[in-house]
Amino acid sequence: MRTNRREFLAATRAAPLLAQSPGRAQRPNVLVILTDDQGYGDFSCHGNPVLKTPAMDKLHSESVRFTDFHVAPMCTPTRGQLLTGQDALRNRATSVTAGRAVVRRGLPTAGDIFQSNGYATGVFGKWHIGDNYPYRPMDRGFQEAKYFFGWGLSSAPEFDTDYFNGRYRHNGVEKDFQGYCTDFWFDEAMSWMKRQKEAAKPFFCYLPTNTPHGPAWVADKYAAPYKSAKLPANFFGMIANLDENMAKLDAFLKDNGLRENTIVVFMTDNGGTAGVPVYNSGMRARKTQLYNGGHRVPCWVRWPAGGLRPVGDIDVPTQNQDILPTLVDLCALKKPANATFDGRSLAGLLRGKTDFPKRMLVVQYGQILKKWDSCVINGKWQLVKGEELYNLDADAGQTKDVAADNPQIKQAMRDHYEQWWRGVESSLTEYQPISVGTPQENPVFLSSSDWQDIYCDNVHTVLAAGGGPQGGPWHIDVEREGEYEIALARWPFTRGLGLTEPCPPKKVTVAELEAGKALPIAQAQLRVAGQQLSAKAVDGAKSITFTVRLAKGKTKLHGWFQDASGADLSGAYYARVHRL
């Protein structure tokens, strides 16, 4: 059953708010910082022999640190888990693309829960769990949203924007930012937090950066100390810039009287990437992989006024699904009845309790979801792909499979996974549709990043005309019956390029995007709601347009291009759906 968001907010607002209760302490603010593609080894406090991260090291030294903390091995599933407290296969955001990069509708997010409890809510940076209604940050409880589309500024929907003086969205409206993207996210977050302080409003600030994810574009002054044939200088330079912003953020919190009563959570979204060849903290594997190096990341929590245990390490296995239930407890929030968590509150551990119940964790994500394509964590043990068993206390690098020597442990972990899989399996063929024909977003712009089961989410694939001869369909939900104009395009509508034109190379601040391939597009095919339509391209046209009548309900929209002989060329990388 679809949950009406207005009903959810009304129900939760009916609960008495902590700030309205006389004699209660001031509610804490919350600041969650999530960096992108920064691995466990990409910190000097974790032993990196080259990289210097003094501001992050300082936060590390002031925090309670979860040293066996796990996320998904890729970014969107981690983001969905963080904001819902549910496993990726349950909240449906299981991949970065392919129609599986949105959290299912009606599921309360951290934004919803904090907002309904009287908090101001804001997000600044990388969202990546839905570009269209009803999955945008403004639709998921965030009152202030400054973000961009897709996984990054060179994703398919953003196409060719720059890390310097590029584009962003402010509550859905396209605008330009000045300066470097990471500086902009931090500056905007600090400005917003200051306004909430002046208004005496507690806040939940979500600050997910798009760096140090590639492309590795950064000012040379940050990369210069790492210029060496054996070092990823620009990647380390992006981390150096992040660290500088972390120092500014800490000074801001102190100068504005926010440091003591703000819960700061710092974590990263998946295992290491460009820094892995330099230092990976002795772990096996990297981003996208199921061994420890793919999903073990830092998680630090600081709250000076919160009565937490002394700073130091907690080595209990934990996961990012635990963060939202933890914040609900620490902030004494009213949880809506329809919010169910796979994670468990870590508030007791943070307050010094040691009687945390034993449990097993499952790490799984993916575009094509297969049974056993997972890692099960059970204390010191990890079971990879249902077969390989590792004792990380004795073998941190996971070099020796000890399954044959420990059959009972392996079987217990397999039994746990079987039970977990039964709880999610029935919904794995469901795709979350993008709404069309709504007052909230009309027209709707679609990109190849949301094609079902096709990995086509970056500018380079679009430029090279990848993604197969027909691309893939979009899942849509026609919310209002009526006449619709559907335009299919080879290039983003904002570029103004003709269907058969190549895309010229584009110089960005520190790099150049390659030229895009021209296709001899003569006609388009459109399959939608049981209708199969064909139309010829007009000379010089930028798109091929169809007018169709659509009934209310869920369906698929699939468009692709052909040459004059009728041979398939490529999917329609971009579409505009407008209810007339």
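Once a new chain begins, its residue numbering starts again from 1 and follows that chain's sequence as written. Local features in this predicted model are restricted to residues of pLDDT 70 or higher, and side-chain atom pairs are both shown and tallied only at a pLDDT of 80 or more, whereas totals for entire chains, interfaces and linings draw on every residue. Only hydrogens and water are set aside; all other atoms, that is, all heavy atoms of the structure, feed into the side-chain values.

A. Local environment of the sheet that holds strand β27 (residues 574-579). Criterion used throughout: strands pair if DSSP finds at least two bridges between them. A run of H or I in DSSP counts as a helix once it spans at least four residues, and a run of E counts as a strand once it spans at least two, with each numbered from the N terminus. With antiparallel pairing, the four strands of this open sheet are ordered in space as β17-β27-β19-β24. Of all the strands in the sheet, just β17 (444-447) and β24 (544-550) have a single pairing partner and so form its edges. The average undirected angle you get between the axes of adjacent strands in this sheet is 20 degrees. Taken together, the four bridges between β17 and β27 define a ladder with antiparallel strand orientation. From the neighbouring strand, Leu446 faces β27, where its bridge partner is Ala575. Helix axes use the C-alpha atoms of the stretch in contact, all axes being lines fitted to C-alpha atoms, and the angles between their N-to-C directions lie in the range 0 to 180 degrees.

B. How the structure looks around the side chain of Asn210. Along the chain, Asn210 turns up in the loop between β7 (203-208) and α7 (220-223). Note on Asn210: relative accessible area 1%, which makes it buried. Polar contacts, as counted here, are pairs of nitrogen or oxygen atoms within 3.5 Å of one another; within protein the pair requires one atom able to donate a hydrogen and one able to accept it, and residues that are adjacent in sequence qualify only if both atoms are side-chain atoms. Among the polar contacts listed, one links the side chain of Asn210 to the side chain of Trp185, at a separation of 2.8 Å. Whether two residues are in contact is decided by their heavy atoms, any of which lying within 4.5 Å being enough. In this structure, Asn210 is in contact with Asp36, Lys126, Phe148, Leu153, Tyr163, Cys181 and Trp185, ignoring residues within four places of it in sequence. Burial classes: relative accessible area under 20% of the type maximum marks a residue as buried, over 50% as exposed, and values in between as partly exposed (1.4 Å probe, protein chains only).

C. Quick look at the layout of surface pockets. Site definitions follow a grid-based scheme: protein atoms alone, a 1 Å grid, a 1.4 Å probe that fits but cannot get out for cavities, and for pockets an open set with protein on both sides within 12 Å along at least five of seven lines, plus lining residues having an atom within 4 Å of a point. Grid points are joined across faces, edges and corners, and a volume is the space filled by probe spheres set on the points. Taken as a whole, the largest pocket holds about 530 Å³ of empty space. In this structure, the largest pocket is lined by 26 residues; those nearest its centre are Phe149, Pro157, Arg169, Glu174 and Phe445. When residues of the lining of the largest pocket are traced back to their parent elements, those giving at least two are β5 (167-170) and β17. For the lining of the largest pocket, the element with the most residues is β17, which contributes four residues. Classification used: nonpolar for Ala, Val, Leu, Ile, Met, Phe, Trp, Tyr, Cys and Pro, charged for Asp, Glu, Lys and Arg, polar for all others including Gly. Taken together, the residues that form the lining of the largest pocket break down as 11 nonpolar, five polar and 10 charged.

D. Quick peek at the packing of helix α2 (residues 54-61) against helix α8 (residues 233-255). Viewed as axis vectors pointing N to C, α2 and α8 meet at an angle of 55 degrees, and their least axial separation amounts to 7 Å. As the angle between them shows, α2 and α8 are arranged oblique. In contact with Pro54, Ala55, Met56, Lys58 and Leu59 of α2, α8 contributes Ile239, Leu242, Asp243, Met246, Ala247 and Asp250. The residue inventory of the contact of α2 with α8, partitioned by class, reads eight nonpolar, no polar and three charged. Here the word oblique covers every angle except those under 35 degrees (roughly parallel), over 145 (roughly antiparallel) and from 65 to 115 (roughly perpendicular).

E. How the structure looks around the side chain of Thr78. With respect to the helices and strands, Thr78 occurs in helix α3 (residues 75-84). Given the relative accessible area of 0%, Thr78 is considered buried. Those residues in contact with Thr78 that sit more than four places away from it in its chain are Val71, Ala72, Met267, Asp269 and Asn320.

F. Region of the structure containing the environment of Thr211. With respect to the element layout, Thr211 can be found in the loop between β7 and α7. Placed 271 residues apart in sequence, Thr211 and Gly482 show a C-alpha to C-alpha distance of 42 Å. Setting aside its immediate chain neighbours within four residues, Thr211 contacts Thr35, Asp36, Tyr163, Tyr180, Cys181, Thr182, Met238 and Leu242.

G. Region of the structure containing the packing of helix α6 (residues 181-198) against α8. Between α6 and α8, the shortest axis-to-axis distance is 10 Å and the interhelical angle comes to 10 degrees. The angle between the axes of α6 and α8 places the two elements in the roughly parallel class. Within the contact between the two elements, α6 uses Thr182, Asp183, Phe186, Met190, Met193 and Lys194 and α8 uses Asn241, Leu242, Asn245, Met246, Lys248, Leu249 and Phe252. Across the contact of α6 with α8, the residue classes tally to seven nonpolar, three polar and three charged.

H. Broad picture of α6. One fewer than the residue count of a helix, multiplied by 1.5 Å, yields its expected span. Over its 18 residues, α6 runs 26 Å from end to end, which matches the ideal 26 Å to within 8%, given 1.5 Å per residue. Residues of α6 that are buried include every one of Cys181, Thr182, Asp183, Phe184, Trp185, Phe186, Glu188, Ala189, Met190, Trp192, Met193 and Gln196, and no others. Structurally, α6 contributes buried residues whose contacts are with β1 (29-35), β3 (120-126), β4 (144-148), β5, β7 and α8. Of the residues flanking the end of α6, it is Ala200, one or two places downstream, whose phi is positive at about 55 degrees.

I. Examining the packing of aromatic side chains more closely. Pairing of aromatic rings covers Phe, Tyr and Trp, the last counted by its six-membered ring, and requires centre-to-centre distances within 6.5 Å; plane angles under 30 degrees mean stacked, over 60 mean edge-to-face, and any other angle means tilted. Counting across every chain of the model gives 30 aromatic pairs. Considering the side-chain rings of Tyr291 and Tyr390, the 6.0 Å spacing of their centres and the 75 degrees angle between planes classify their relative orientation as edge-to-face. With Tyr291 in the loop between β8 (262-268) and α9 (292-295) and Tyr390 in strand β15 (residues 388-391), the pair connects residues that are 99 residues apart, well separated along the chain. Of the two residues examined, Tyr291 and Tyr390, each falls in the buried class. Cluster of aromatic residues (ring-pair linked, three or more members): Phe114, Tyr119, Trp127, Phe142, Phe204 and Tyr206. Between the NZ or CZ atom of Arg169 and the centre of the ring of Phe149, over which it lies, the distance is 3.9 Å. Ring-over charges, as used throughout, are those where CZ of Arg or NZ of Lys falls within 6 Å of the ring centre and within 35 degrees of the ring normal.

J. Molecular detail of the environment of Arg480. Its place among the elements puts Arg480 in the loop between β18 (474-478) and β19 (482-489). For the pair Arg480 and Ala551, spaced 71 residues apart in sequence, the C-alpha to C-alpha distance is 7.3 Å. Residues in contact with Arg480, not counting those within four places in the same chain, are Val436, Gly437, Thr438, Pro439, Leu550 and Arg579. A polar contact is formed between the side chain of Arg480 and the backbone oxygen of Gly437, at a distance of 2.6 Å.

K. Molecular detail of the confidence of the model for the chain. In the predicted model, the chain carries a mean pLDDT of 95, and 96% of its residues have values of at least 70. By mean pLDDT, helix α1 (residues 5-13) is the weakest element of the chain at 46, and β7 is the strongest at 99. Every residue is assigned a pLDDT by the predictor, reflecting its confidence on a scale from 0 to 100. The low-confidence segment residues 6-24, where pLDDT is below 50, has 22 contacts with residues more than four positions distant or belonging to other chains.

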